[in-house]
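What the coordinates show
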Amino acid sequence: MKIIQTITLAAIALTLAACNSNDDAEQNSNSASDIAPSNTQTTTDHGVEDKSETSIGFEMSGGNIEEATNVPEKEKSALIDSFTEYMESFNEEDVERYMKTISKNPEGFNYDDEKIMVEKTFHDFDTTRTAENITVIEYNNSQAQVFSNIHTSLEQIDSGAKLSQNGRQVTVFVKEDGNWLVSSVYYIGESTE
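My aim in this report is to walk through the structure given alongside it, one point at a time. (Residues numbered from 1 in each chain as written. Predicted model: local features only at pLDDT ≥ 70, side-chain atom pairs only at ≥ 80, totals over all residues. Heavy atoms only, no water.)

Here we look at the overall build of the chain
- The helix and strand inventory of the chain stands at four helices and five strands.
- When each of the 193 residues of the chain is scored for burial, the buried share is 38%.
- Residue pairs at least 24 apart in sequence account for 65% of intrachain contacts in the chain once pairs closer than 6 positions are excluded. (Helix = DSSP H or I, 4+ residues; strand = E, 2+ residues; numbered from the N terminus. Buried < 20%, exposed > 50% of the residue type's maximum accessible area, 1.4 Å probe, protein only. Contact = heavy atoms within 4.5 Å.)

See the structure below:
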């Protein structure tokens, strides 16, 4: 009887370990670049711990996207330029350039961990992200939110496996030393191909 109990406990432990490793693989890495496609609809919510300063300007699962009306034209242009640089530096796999778009004190992830994660991503994957409907949806002098529809194409370098996903993203920018830098990213995937 002890042998059956031991085998049963071992099987349960292995099952739990296998489930745990699958769960770990599906969780985000708290990275500003953490929008790699998955087979499930997920929300990446960097900054979930501290919502006192940031509330997202739209429903992640739907809702109307409305442009903030209080954004000075100069600031709107600077925000769109910062968002464009954030996207282009990632697509060009330029780690140093990409890290210059990230806040030194981000709300939802660690700056040093972000650099490690992005280096690993660039090593393991060819990734292209394109953005449409780029809209400043919330603005004040020190923080702004930029909405976009994102299309991500991902190819694993070693295996050649490909995956594409569309999603909705709000990128939260903070003003540091006169520049708009990424502080947190909220993303939800809509479809996987």
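Focus on the nonpolar core
- One finds Leu79, Phe83, Tyr86, Tyr98, Ile102, Tyr139 and Phe173 to be the most contacted residues of the largest nonpolar core, which totals 25 residues.
- The leading source of residues in this core is helix α2 (residues 73–91), at five residues.
- With residues near it in sequence (within four places) discarded, phenylalanine 83 still touches Ala131, Ile134, Val146, Ser148, Ile150, Gln169, Thr171 and Phe173.
- In this structure, Ile137, Val170, Val172 and Tyr186 belong to the second largest nonpolar core, which totals five residues. (Core = buried A, V, L, I, M, F, W, Y, C linked by side-chain atoms within 4.5 Å.)

Description of the environment of alanine 144
- Secondary-structure assignment places alanine 144 in strand β3 (residues 143–156).
- As for alanine 144 and valine 174, which are separated by 30 residues in sequence, their C-alpha atoms are 6.5 Å apart.
- In this view, alanine 144 contacts Leu79, Glu138, Tyr139, Thr171, Val172, Phe173 and Trp180; residues no more than four positions away in its chain are not counted.

Here's the deal with unusual backbone geometry
- Notably, glutamate 93 is not glycine yet its phi reads approximately 55 degrees, a positive angle.
- Here glutamate 93 lies in the loop between α2 and α3 (95–99).
- Judged by its relative accessible area of 29%, glutamate 93 is partly exposed.
- One non-glycine residue, asparagine 133, lies in the positive phi region at around 55 degrees.
- Position of asparagine 133 among the secondary structure elements: in strand β2 (residues 125–139).

What to know about the pattern of salt bridges
- Tallying each qualifying case throughout the model produces eight salt bridges.
- With a shortest N-O distance of 2.7 Å, aspartate 124 and lysine 120 are connected by a salt bridge. Linking aspartate 124 with lysine 120, this pair stays in helix α4 (residues 111–124), spanning four residues, or about one helical turn.
- A salt bridge links glutamate 190 to arginine 168, with the shortest nitrogen-to-oxygen separation between them at 3.8 Å. Placement of glutamate 190 in strand β5 (residues 179–192) and of arginine 168 in strand β4 (residues 162–176) is noted, with a sequence separation of 22 residues between them.
- A single salt-bridge network, built from bridges that share partners, covers Glu85, Glu88, Glu92 and Arg97. (Salt bridge = Lys/Arg side-chain N within 4 Å of Asp/Glu carboxyl O.)

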